[in-house]
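Spelled out from the first residue to the last, the chains are:
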Amino acid sequence: MLALIDCYIIDMLSNSKPQIGSILIDQGEIIQIGKIKIPEGMKAKTISLKNKYILPGLVDSHTHLCMTCSQHELYHGVGALNDITVAFYAIENAKNAINHGITSVRDVGGQNYIEIHLKELIDSGKIDGPRIYSAGKVITTTGGHLWRMGVEADSEKEVIKALKEQIKSGGWLIKMIVTGGVMTKGSQPHFLQYDKQILKSAVRAAHELDKKVTGHIANERGLKEAVKSGIDSVEHALPEKPNTLAEMLKNGIVSVPTMVTYPSWHDSKDRLNAPQYFLDKKNSMDPNHKRNILEKTHQEGLKIVAGTDAGVPYVPFGNLADEIKIFSECGFSNYEAISSATSLASELIGDDKIGKIKVGCWADLLVLNDNPLDDISRIKFPKMVIKSGKII
């Protein structure tokens, strides 16, 4: 039993000022908040957090634990490393995430289910790391984006079989590669890999098994097809067309725009050594335009959740604070920006026990010296990280 005493609590349940109180934790869960009382006959370790701020552990809703965060994938192909080497990187990535206050990750594309096996090790307490909500292998077309690390499926029948294999292997959600992408040589972001009909079949099959479907999307046509299919969320894409935005608002479709990937690449010292095919695609992108779309769609009420694409070249684990800061620079209040990596992420993932400070939730907590509602940058410097009541 652990008691956190006299702290400013930001519960992410209501847009209000931090409330002074205490938190009592037992068996990994929050059991009391506010004025706490240790049950008679029980003992608790007590930590005074006077003048400290405590909020839910952060959730990165777009990660790739099985990638290296380096240029290796650009030169040798995503999925080219052997499983032992990938497992080493996955463990290191998990440790980097948890040390930066990221207590949960939504992993949207792994290699040979290594991240699912890693989840088992973390859940058993053998390794420190975040909670992992994995899509298993991505589902892509033959030779399509991320084909080497995914399952290649072209017909409706093949796609449904592939998604059932991911669920059987422990997948929490399904990831469809709807369009081409940047990291795969020979693929282009403007390619369309799956149309509305196949996506509809995939969504229907997944929903029958109580699983959500998300889609990698790098162009407006792909977004339109995905939105019409009834998909639950989209990765990278933000709607530019009013009709597409209206459909997303109507159906509660969530966007995880991964805004931080471009500045991470631009600020890297290694970026000029990247292969030409990657540079050509990256240089064709306009990050300022995407920022404008982010601000506009947020104003319209689109559900937007923070995810970094951590694991891909130049994007390290632990930079979720930078994604949150970009949101705050694009019209989000500091509370809204933090919500995108806590309570809204909980809704997207479908686990009500993360992303908020509430009795019955996991005791995944972030302790800060300063109020992040006043200065969003402070979220990058945790004084203490707690997961399941354990101080990391």
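Scroll up to find the structure.
All values derive from a computational prediction rather than experimental measurement.

(A) The overall build of the protein, seen in detail. Scanning the protein for helices and strands turns up 13 helices and 17 strands. Against the globule reference of 21 Å for 392 residues, the protein gives a C-alpha radius of gyration of 20 Å, in line with a compact fold. Its C-alpha atoms put the protein at 65 × 45 × 40 Å along the principal axes. Within the span of the protein, comprising 392 residues, buried residues form 56% of the whole. Total accessible area on the protein is roughly 16,500 Å²; 48% of this is exposed by carbon and sulfur atoms.

(B) Highlighting the pattern of salt bridges. In total, this model carries 12 salt bridges according to the counting rule given. Taking the shortest distance from any N to any O, the salt bridge between Lys390 and Asp128 comes out at 2.9 Å. Pair noted here: Lys390 is in strand β17 (residues 390-391) and Asp128 is in the loop between α3 (114-123) and β8 (131-134), with a separation of 262 residues, a long-range link. For Lys390, a relative accessible area of 42% puts it in the partly exposed group. Among the residues examined, Asp128 registers a relative accessible area of 30% and is labelled partly exposed. Linking Asp352 and Lys356 is a salt bridge whose minimum nitrogen-to-oxygen distance equals 3.2 Å. Residue classification places Asp352 among the partly exposed positions, given a relative accessible area of 48%. Each of Arg291, Lys325 and Glu329 takes part in a single network of salt bridges with overlapping partners.

(C) Structural view of the sheet that holds strand β6 (residues 58-63). Strand order in this open sheet of 3 strands is β6-β7-β8, and the pairing throughout is parallel. Bordering the open sheet on either side are β6 and β8, each of which pairs with just one other strand. Mean inter-strand twist for the sheet, computed between neighbouring axes without regard to direction, equals 20°. Bridge count between β6 and strand β7 (residues 102-107): 4 bridges; the pairing is parallel. Each residue of the ladder has a partner; that of Leu58, found in β7, is Ile102.

(D) Representation of the packing of aromatic side chains within the structure. Across all of its chains, the model carries 5 aromatic pairs by this definition. We note Lys211 situated over the ring of Trp172; from NZ or CZ to the ring centre the distance is 5.6 Å.

(E) Spatial organisation of unusual backbone geometry. One non-glycine residue, Thr258, lies in the positive phi region at around 50°. Structurally, Thr258 is set in the loop between β14 (254-256) and α8 (261-267). What makes Thr258 buried here is its relative accessible area of 2%. Despite not being glycine, Tyr314 shows a phi value in the positive range, around 75°.

(F) Spotlight on helix α7 (residues 242-251). Those residues of α7 lying buried are Thr244, Leu245 and Met248. Along the long axis of α7, the arc covered by the buried residues comes to 100°, so they all point the same way. Exposed residues on α7 whose side chains face more than 90 degrees from its buried face are Pro242, Asn243 and Lys250. Against the buried residues of α7 lie α6 (220-229), β13 (233-235), β14 and α10 (287-300). Looking one or two residues beyond α7, the residue adopting positive phi is Gly252, at roughly 65°.

(G) Inspection of the pairing of strand β11 (residues 173-177) at higher detail. Buried residues dominate β11, accounting for 5 of its 5 residues. The alternating pattern of β11 places Leu173, Lys175 and Ile177 and Ile174 and Met176 on opposite faces, both of which are buried. The pairing of β11 with strand β12 (residues 212-216) spans 5 bridges and is parallel. By the bridge assignment for β12, Ile174 is matched with Val213.

(H) Structural detail: α3. Among all positions of α3, only Ile114, Glu115, Ile116, Leu118 and Ile122 are buried. At its buried positions, α3 is contacted by α2 (83-99), β7, β8 and β16 (384-387). At the C-terminal side of α3, Gly125 shows a positive phi close to 85°.

(I) Structural detail: the pairing of β16. The two faces of β16 match: Met384 and Ile386 on one face and Val385 and Lys387 on the other face are all buried. Examined bridge by bridge, β16 and β17 share 2 bridges and lie antiparallel to one another. Directly across from Lys387, in β17, lies its bridge partner Lys390. Between β16 and β17, which follow one another and run antiparallel, lie 2 residues, and Ser388 among them has a positive phi close to 55°.

The rules behind the values
Residues numbered from 1 in each chain as written. Predicted model: local features only at pLDDT ≥ 70, side-chain atom pairs only at ≥ 80, totals over all residues. Heavy atoms only, no water. Helix = DSSP H or I, 4+ residues; strand = E, 2+ residues; numbered from the N terminus. Rg over C-alpha atoms; globule rule 2.2 N^0.38 Å. Buried < 20%, exposed > 50% of the residue type's maximum accessible area, 1.4 Å probe, protein only. Areas by Shrake-Rupley, 256 points an atom, 1.4 Å probe, with all protein chains shown as cover. Salt bridge = Lys/Arg side-chain N within 4 Å of Asp/Glu carboxyl O. Pairing = 2+ DSSP bridges. Axes fitted to C-alpha atoms, helices over the stretch in contact; angles between N-to-C directions. Phe/Tyr/Trp six-rings, centres within 6.5 Å; stacked < 30°, edge-to-face > 60°. Lys NZ or Arg CZ within 6 Å of the ring centre and 35° of its normal. Arc of directions from axis to C-beta. Contact = heavy atoms within 4.5 Å.

Purely spatial values, then, with no claim about function.
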